[in-house]
Every structure is written in structure tokens, then in C-alpha cells.
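Reading the structure
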Amino acid sequence: MKIIALVGSLRRDSFNMQLATTMKDRYKDKLSIEVADLRALPYFDQDEEQNPPQVVKDFKTSIAQADGVLIVTPEYNWSVPGVLKNAIDWTSREDKVFIGKPVMVVGATPGAMGTIRAQLHLRDILSSPGIQAKLLPPASNEVLVNFAAQKFDASTGRLVDESTLNFLDAKVNIFIEFIGEVKSLNV
Ligand code: FNR
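Along each chain, residues carry numbers from 1 onward, in the same order as the chain's sequence is written. In keeping with the model being predicted, local features are shown solely for residues with a pLDDT of at least 70 and side-chain atom pairs are shown and tallied solely at 80 or more, while totals for entire chains, interfaces and linings include all residues.

1. Remarks on the UniProt feature "domain: NADPH-dependent FMN reductase-like" (unreviewed entry) in the protein
Short version of the rule: UniProt positions are given in the numbering used here, feature names are shortened, and annotations may be inferred rather than shown by experiment. Runs of E in the DSSP output that reach at least two residues are strands. Runs of H or I that reach at least four are helices, and both are numbered from the N terminus.
Under the UniProt annotation, the feature "domain: NADPH-dependent FMN reductase-like" (unreviewed entry) is placed at residues 1–131. As annotated, residues 1–131 has a helix share of 34% and a strand share of 16%, and its two end C-alpha atoms lie 21 Å apart.

2. What about the site of the ligand?
Heads up, the condition is: Here, nearness means that the C-beta atom of a residue, built from backbone geometry, sits within 6 Å of the molecule or strand in question. Here the nonpolar group is Ala, Val, Leu, Ile, Met, Phe, Trp, Tyr, Cys and Pro; Asp, Glu, Lys and Arg are the charged ones; every other residue, Gly included, is treated as polar.
Neighbouring the ligand are 14 residues, the closest being Ser9, Arg11, Ser14, Asn16 and Pro74. Split into classes, the residues belonging to the shell around the ligand amount to six nonpolar, six polar and two charged.

3. What to know about the sheet that holds strand β5 (residues 142–145)
Threshold: Note on pairing: two strands pair once DSSP finds at least 2 bridges between them. Each axis is a line fitted through C-alpha atoms, taken for helices only over the stretch in contact, and angles between the N-to-C directions span 0 to 180 degrees.
Strand order across the open sheet formed by five strands is β2-β1-β3-β4-β5, with parallel pairing between neighbours. Whereas interior strands pair on both sides, the edge strands pair on one side only; in this sheet they are β2 (32–35) and β5. Averaged over all pairs of adjacent strands, the angle between their axes in this sheet comes to 20°, without regard to strand direction. Bridge analysis of strand β4 (residues 103–108) against β5 gives four bridges, and the strand direction is parallel.

4. Thoughts on the environment of Lys151
To keep things clear, this is the line we draw: Counting other C-beta atoms within 10 Å of each residue's C-beta, where C-beta atoms are placed from the backbone, gives the exposure class: buried for 20 or more, exposed for 12 or fewer, partly exposed between. We call two residues in contact when their backbone-placed C-beta atoms lie within 7 Å.
Here Lys151 shows up in helix α6 (residues 148–151). According to the C-beta neighbour criterion, Lys151 is buried, with 21 such atoms within 10 Å. In this structure the C-alpha to C-alpha distance between Lys151 and Ala40, which are 111 residues apart in sequence, comes to 29 Å. For Lys151, the contacting residues outside a window of four places in its chain are Val145, Leu159, Val160, Asp161 and Thr164.

Structure (C-alpha cells):
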């Protein structure tokens with residue numbers, strides 16, 4: 001299954017990018033995860049939505065062709081980072097490539113709350129008319145990695161906390177099943 005990952009942090013040593021990289025490696029037998037380059041996207045401009053820059057067209061095509069989308073994001077000021085919102089806004093106009101697309105949301109933070117407010121805002125955004133992504137309820141598909149500094153190995157840049165990895169494994173399996181279910185409903 002082909003998955004596009006959107007990472008909401010541009011920081012060099014981002015825990016969220018490390019989480020995305022961990023997932024790309026760990027699930028490579030089940031999922032082909034490609035991390036999108038959100039830094040390359042210009043600011044959304046409604047004057048350009050009908051014929052956006054090629055980098056935007058390519059980004060939208062990569063989502064359209066994916067079986068699912070993985071969003072890995074920090075929380076900025078109790079919400080979604082602008083770089084992620086900007087990317088999502090491009091997808092919500094003209095060819096609305098998120099409609100019906102299975103999405104899994106995960107996040108990591110050095111703090112205690114595990115990006116919960118950002119994830120809840122994101123779920124609202126992903127339900128808006130131009131997006132209409134398909135998400136499982138948080139109770140069955142929510143991953144909040146808190147106290148990240150203790151759970152990632154600074155030298156390898158990978159998530160190493162065993163219980164978090166086991167939890168993640170279970171949620172990824174649920175997401176894979178969900179992608180299959182959504183596909184079977186769409187055919
Ligand atoms: C933060 N951080 C943060 N943390 C949190 O739990 N709730 C919040 O509302 C915020 N707000 C916030 C705003 C801004 C502008 C920054 C830069 C940071 C802290 C944030 O979780 C921390 O910097 C993470 O390490 C960012 O994720 P990456 O870059 O490690 O992936």
C-alpha cells in the first residue's frame with residue numbers, strides 16, 4: 001500500500017520527522033511510505049488554485065495516487081502548524097484530492113499532552129467540505145507520543161520506546177484494515 005506522509009515540522013531534528021522515518025522503516029514490508037516535501041510548497045494563493053505551480057500539482061497527484069495519508073504533526077499554539085495547514089489548503093480546491101482518502105493522524109511532543117489539541121483541530125479540518133478525508137474515531141486510531149525526548153534515540157533518530165512501538169504497531173494494523181475497508185466500499 002502506498003502512503004504519503006505529511007510532517008508538520010520543518011525542524012532539522014524534529015521528533016515528528018523522526019516518528020515518520022521510524023514508521024517508514026518499521027512498516028516497510030506492509031507500507032510504502034513517502035514523506036512529502038512540505039517546505040517546497042508556496043503559500044496557498046487562491047489566484048493560483050486553478051493552475052497552481054508544478055510543485056503543488058505534483059504534491060496533489062501524490063496524494064491522489066496514494067492509498068492513504070499519514071499525518072505526523074507537532075502542536076503549535078494548541079493547533080496545527082501553518083506549514084501543514086498550508087499544504088492541506090492547496091489540496092482542498094479544484095481537484096479535491098483528500099475526498100474519501102483514509103487518513104491516520106499521529107504526533108510527538110516533548111511535553112505531556114502528546115499533541116492532543118492539534119490532533120483534535122486537525123480532525124475538524126479534515127472533515128471540512130473541501131477535504132472530507134476518512135478517519136477512524138480517535139478511540140481506535142489515535143497515537144500521541146508524549147515526553148518524546150525520553151522515547152527517541154538521539155543518535156539514531158528513531159523511536160525506541162518499546163511500549164509506544166507496540167501501541168503504534170496495533171494502530172497501524174487497524175489503519176491498514178481501514179484502508180482495505182474504504183477501498184472495498186469505493187469499488
Ligand atoms: C510549540 N510547542 C508546543 N507544544 C505543545 O505541546 N503545545 C503547544 O501548543 C505548543 N506550541 C508551540 C508553538 C511553537 C511555535 C513551537 C515552535 C513549539 C512545542 C513543540 O511541541 C516542540 O517544539 C516540538 O518538539 C515540535 O515538534 P518537532 O519539531 O520536534 O517535530
